[in-house]
Amino acid sequence: MLVAAAVCPHPPLLVPALAGAAAPELDGLRAACAAAVEATLAVEHDRLVVVGGGQTTTAYGGQPAGTLRPWGVDVRVGEGDPVLPLSLTIGRWLLGDEVAERAAFHEIAFDAEPGECLRLGERLVAEGRTALLVMGDGSACLTEKAPGYLDPAAQPYNDAIAAALGAGDAGALAALDHDEAAGLWVAGRAAFQVLAGAAEGTAPRGARLLESIAPYGVGYFVATWA
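Since we're looking at a predicted model, the values are computed, not measured.

**Description of the packing of aromatic side chains**
- All told, the structure shown has one aromatic pair when counted by the stated rule.
- A ring pair is formed by Phe192 and Phe221, whose centres lie 6.1 Å apart and whose planes are at 65 degrees; its orientation type is edge-to-face. Separated by 29 residues along the polypeptide, Phe192 in helix H8 (residues 189-198) and Phe221 in strand S9 (residues 220-225) bring together distant segments of the chain. The exposure classification of Phe192 matches that of Phe221, with both residues buried.

Encoded structure:
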């Protein structure tokens, strides 16, 4: 069963080494991510699973590594060949080496159908008390300078995700529209629906939205479910 979950974004600039002067506009986001991870790890659990979007759907065995070299600085997490996508690389960085060594890492394809995402979530929590770290960004179409430019539909969609995360509403996450999310450059849609599948049949006693910002025209959320 799912006993706790943290939701965090995965912008490379979350890592100070890539942020030049440490991108002070992200200080609150960094603090919220640290608080969410700490709260989730504090809940008694048997398994820790990190889920994030990527080009394929893949379960990584052993101790997979990642790098942020494509984004400017060769910050590495783990040892060996860097195989993790950006989302899981940032997730592993948030956990730190000691905790990450006992975590499992699952990549879900950005374009995975909702049903596939929900089924993966169900499987991930089928054995033991499971804590999730879910890595996902909101829409990248929130301003004219955003990567996907400004789309008037982006803000309502982003607000709906934030509301669902803050309310612990797995049903609302499960209902996110696949095609609309793709059109609005919502990188976290698939990962959020994995969370929805993991939470099916449970009602979070406590759900908190710790942060919801869009400093670069991209929606970043931090939330905890317990």
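Having seen it, we continue.
**Digging into the pairing of strand S6 (residues 103-109)**
- Most of S6 sits inside the fold, with six of its seven residues counted as buried.
- Bridge count for strand S2 (residues 47-54) against S6 is seven bridges, and the pairing is parallel. Bridge pairing in S6 links Gly52 to Glu107.
- Where strand S3 (residues 58-60) meets S6, three bridges bridge the pair, whose relative direction is antiparallel. Paired with Thr58 across the bridge in S6 is Glu107.

**Some points on unusual backbone geometry**
- Positive phi, close to 65 degrees, is recorded for Tyr149, a residue that is not glycine.
- Looking at the secondary structure, you find Tyr149 in the loop between strand S7 (130-135) and helix H5 (154-167).
- Judged by relative accessible area, Tyr149 falls into the partly exposed class, the value being 48%.

**Let's talk about the nonpolar core**
- Formed by 39 residues in total, the largest nonpolar core has its most connected members in Leu2, Ile108, Leu132, Ile161, Leu165, Leu173 and Leu195.
- Among the elements that line this core, the one with the most residues is H8, at seven residues.
- For Leu132, the contacting residues outside a window of four places in its chain are Leu2, Ala4, Ala5, Ala6, Thr40, Val49, Val51, Leu195 and Ala198.
- Counting residues in each nonpolar core, the second largest holds 34 residues, with Ala36, Val37, Ala100 and Ala140 among its members.

**A closer look at the environment of Glu38**
- Relative to the helices and strands, Glu38 is located in helix H1 (residues 27-41).
- Distance from Glu38 to Leu94, taken between C-alpha atoms, is 9.9 Å for residues 56 residues apart in sequence.

**Overview of the sheet that holds strand S8 (residues 207-213)**
- Read from one edge of the open sheet, seven strands run S3-S6-S2-S7-S1-S9-S8, paired in mixed fashion. Only two strands of the sheet have a single neighbouring strand rather than two, namely S3 and S8. For this sheet, the mean angle separating the axes of adjacent strands, direction not counted, is 15 degrees.
- Bridge count for S8 against S9 is six bridges, and the pairing is antiparallel.

**Re the pattern of salt bridges**
- By the definition in use, this model includes two salt bridges.
- Between Arg30 and Asp27 there is a salt bridge, and its shortest N-O distance comes to 2.9 Å. Of this pair, Arg30 and Asp27 both sit in helix H1, three residues apart, which is roughly one turn of that helix.
- A salt bridge links Asp74 to Arg76, with the shortest nitrogen-to-oxygen separation between them at 3.3 Å.
- Looking at Arg76, the relative accessible area reads 45%, which means it is partly exposed.

**Observations concerning the side chain of His10**
- For His10, the position within the fold is in the loop between strand S1 (2-8) and H1.
- For His10, a relative accessible area of 5% corresponds to the buried category.
- Setting aside chain neighbours within four positions, we find His10 in contact with Leu86, Ser87, Ile90, Met135, Gly136, Asp137 and Ala187.

**Focus on a negative patch on the surface**
- Together, Asp111, Glu113, Glu116, Asp177, Asp179 and Glu180 give the surface a local cluster of negative charge.
- Structurally, the position occupied by Glu113 is in the loop between S6 and helix H4 (114-124).

**Structural notes on H1**
- Here H1 spans 21 Å end to end across 15 residues, near enough to the 21 Å set by a 1.5 Å rise per residue.
- For H1, every residue scored as buried is listed here: Leu29, Arg30, Ala32, Cys33, Ala36, Val37 and Thr40. Projected down its long axis, H1 carries its buried residues within an arc of 165 degrees, all on one side.
- On the buried face of H1, the contacting elements are S1, helix H2 (86-95), S7, S8 and S9.

Conventions we followed
- Residues numbered from 1 in each chain as written.
- Predicted model: local features only at pLDDT ≥ 70, side-chain atom pairs only at ≥ 80, totals over all residues.
- Heavy atoms only, no water.
- Phe/Tyr/Trp six-rings, centres within 6.5 Å; stacked < 30°, edge-to-face > 60°.
- Helix = DSSP H or I, 4+ residues; strand = E, 2+ residues; numbered from the N terminus.
- Buried < 20%, exposed > 50% of the residue type's maximum accessible area, 1.4 Å probe, protein only.
- Pairing = 2+ DSSP bridges.
- Core = buried A, V, L, I, M, F, W, Y, C linked by side-chain atoms within 4.5 Å.
- Contact = heavy atoms within 4.5 Å.
- Axes fitted to C-alpha atoms, helices over the stretch in contact; angles between N-to-C directions.
- Salt bridge = Lys/Arg side-chain N within 4 Å of Asp/Glu carboxyl O.
- Patch = residues over 30% accessible without salt bridge, like charges linked within 9 Å, V, L, I, M, F, W, Y side chains within 5 Å.
- Areas by Shrake-Rupley, 256 points an atom, 1.4 Å probe, with all protein chains shown as cover.
- Lys, Arg positive; Asp, Glu negative; His and termini not counted.
- Charge placed at Lys NZ, Arg CZ, Asp CG, Glu CD.
- Expected span 1.5 Å × (residues − 1).
- Arc of directions from axis to C-beta.

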